[in-house]
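The residues making up each chain are set out below.
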Amino acid sequence: GTIETFSESAARNQQRGASKVLLFSSVAADAQLAEKTGFAEGTPLFYIQRLHYLNTRPLILNHSYFRQDVAVGLTAEIASGSIYRYLEQDLHVAIINSKRVVTVEKADGLDLQYLDMDDCNCLAVVSSQTYNGDGVMFEYTQSRHHPGFFRFQDNAVRKTGI
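First, a word on what this report is: a plain description of the structure on this page. Within every chain, residues take consecutive numbers counted from 1 along the sequence as written. In keeping with the model being predicted, local features are shown solely for residues with a pLDDT of at least 70 and side-chain atom pairs are shown and tallied solely at 80 or more, while totals for entire chains, interfaces and linings include all residues. The side-chain quantities take in all heavy atoms of the structure and omit both hydrogens and water.

**Observations regarding the side chain of Thr141**
Point 1. One can find Thr141 in strand 6 (residues 137-145).
Point 2. Here Thr141 falls in the buried class, since its relative accessible area comes to 4%.
Point 3. In this structure the side chain of Thr141 is engaged in a polar contact, spanning 2.8 Å, whose partner is the side chain of Ser64.
Point 4. Separated by 2.5 Å, the side chains of Thr141 and Glu139 make a polar contact.
Point 5. What makes two residues a contact is simply this: any of their non-hydrogen atoms within 4.5 Å. Setting aside its immediate chain neighbours within four residues, Thr141 contacts Asn62, His63, Ser64, Val126, Ser127 and Ser128. Secondary structure elements are taken from DSSP: a helix is a run of H or I of four residues or more, a strand is a run of E of two residues or more, and numbering for both begins at the N terminus. To sort residues, take the accessible area from a 1.4 Å probe on protein chains only and compare it with the maximum for the residue type: under 20% means buried, over 50% means exposed, and anything in between is partly exposed. Whenever two N or O atoms come within 3.5 Å, that pair is a polar contact, provided that in protein one can donate a hydrogen and the other can accept it, and provided that, for residues adjacent in sequence, both atoms are side-chain atoms.

See the structure below:
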């Protein structure tokens, strides 16, 4: 139920977290990317690949797209720290809601290259569309997690009389 950054989660769990930017580029959403992310075709985006470490172990690979008109001035240096801290504190963006889909997928070449997968061949994948206070989707991220260090928690309520 909450939107928590990687560094916030690491601190809450008394772990040492670190992030490394593998790729930082500018792209415009083409038809295929628009279909995947939910951004309108032609939207200028920052594309960022980041590797997250817990206690020096590479366990999460993120593929993120941020609208350039919301994440104004975002750089690889900022992305190596906390993008949300930058958005909230420097740009005063209110981060309100995130729609998430959790799947299990076979590890791909980048996963196997960057993540410490042990003998695992699949991972937990969280795809999220995140919205600001104006209801604008400003981020799409696919987080690819080592399955041994992933936890999904939910609170479901059954409606009666349906």
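**Describing the nonpolar core**
Point 1. Only buried Ala, Val, Leu, Ile, Met, Phe, Trp, Tyr and Cys residues count toward a nonpolar core, and they belong to the same one when joined by side-chain atoms within 4.5 Å. Membership of the largest hydrophobic core comes to 14 residues, with the highest contact counts inside it found for Ile48, Phe66, Leu74, Ile83, Leu87 and Phe138.
Point 2. Here the element with the most residues in this core is helix 4 (residues 83-90); it accounts for four residues.
Point 3. Filtering out sequence-adjacent residues up to four positions away, Leu87 remains in contact with Phe66, Val70, Ala71, His92, Val93, Ile95 and Phe138.
Point 4. By size, the runner-up hydrophobic cluster in this structure holds nine residues, among which are Ala29, Leu33, Tyr47 and Tyr65.

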